[in-house]
Amino acid sequence: MVERLGPDDWARAALAALAEGGLGAVAVEPVAARLGVSKGSFYWHFANRRSLVEAALACWEDETEQVIARLETLDEPVARMRALLDLAFGGEQDAAISFRLISEADDPLVGEVVRRVSDRRLRYMQDVLRELGQPEEEARRRVLAAYGTYLGLAALMRIGAVDEVPGALVDLAMAELGLPAAAPS
């Protein structure tokens, strides 16, 4: 039995293409080839390329919400931040997508989603730091530095200046956020 692909499969494939080649890489034929299907099957789910881009952006935004929901199952705020940083610095695809989309933020649709996702991520991190007793302005500065490091690392990996995330980067980021490297036992 042949498994049918749905719009979510196309959106995830479009995100993978975006991570590798930017918004220009989100084209019907290459994404269809990535999925191993004909481009004709694309039109069962989408009217045009723009609707695929919209679906990919919605998928990326939804993934941020899913990560936050999973983090919220952890009772300890330090453990939540550690888990978030482990995910962020361990997952090259999201960093690449974030960097690529920020680079494409002049596109009104892309810019709107990137701002929303970035604001959500920054707010979440700030909330965790405030929960741990950091003053609002200090939490904001620390979170901006951490998120900037995340995006900067994505840029360095993109140009080949860095091959992999340094192992101690999460511990360093935790320290920069004013948190212990490991959750208290």
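Preceding block: the structure.
This write-up is about the structure you can find in this document. Quick caveat: nothing in here was measured; it's all calculated off a predicted structure.

### Overview of the pattern of salt bridges
- All told, the structure shown has 14 salt bridges when counted by the stated rule.
- Arg120 is the salt-bridge partner of Glu65, the closest N and O atoms lying 2.9 Å from each other. Of this pair, Glu65 sits in helix 3 (residues 49-71) while Arg120 is found in helix 6 (residues 108-131), placing the two residues 55 residues apart along the sequence.
- You can call Arg120 partly exposed: its relative accessible area is 22%.
- Between Arg142 and Glu138 there is a salt bridge whose closest N-O contact spans 2.9 Å. Linking Arg142 with Glu138, this pair stays in helix 7 (residues 136-158), spanning four residues, or about one helical turn.
- Residue Arg142 is classed as partly exposed on the basis of its relative accessible area of 24%.
- Take Glu138: its relative accessible area is 25%, and that puts it in the partly exposed class.
- Within this structure, Glu61, Glu112 and Arg116 form a network of salt bridges that share partners.

### Quick word on the packing of helix 5 (residues 92-103) against helix 6
- Orientation of helix 5 relative to helix 6, taken along the N-to-C sense of each, is 130 degrees, at an axis distance of 9 Å. If you check the angle between helix 5 and helix 6, you find them oblique. Here helix 5 and helix 6 pass one another in a crossing that is left-handed. Contact residues: Asp94, Ser98, Leu101 and Ile102 in helix 5; Val110, Val114 and Arg121 in helix 6.
- Here the residues of the contact of helix 5 with helix 6 are counted per class, giving four nonpolar, one polar and two charged.

How each quantity is defined
- Residues numbered from 1 in each chain as written.
- Predicted model: local features only at pLDDT ≥ 70, side-chain atom pairs only at ≥ 80, totals over all residues.
- Heavy atoms only, no water.
- Salt bridge = Lys/Arg side-chain N within 4 Å of Asp/Glu carboxyl O.
- Helix = DSSP H or I, 4+ residues; strand = E, 2+ residues; numbered from the N terminus.
- Buried < 20%, exposed > 50% of the residue type's maximum accessible area, 1.4 Å probe, protein only.
- Axes fitted to C-alpha atoms, helices over the stretch in contact; angles between N-to-C directions.
- Parallel < 35°, antiparallel > 145°, perpendicular 65-115°, else oblique.
- Left-handed = near helix turned anticlockwise from the far one by under 90°.
- Contact = heavy atoms within 4.5 Å.
- Nonpolar A, V, L, I, M, F, W, Y, C, P; charged D, E, K, R; others polar.

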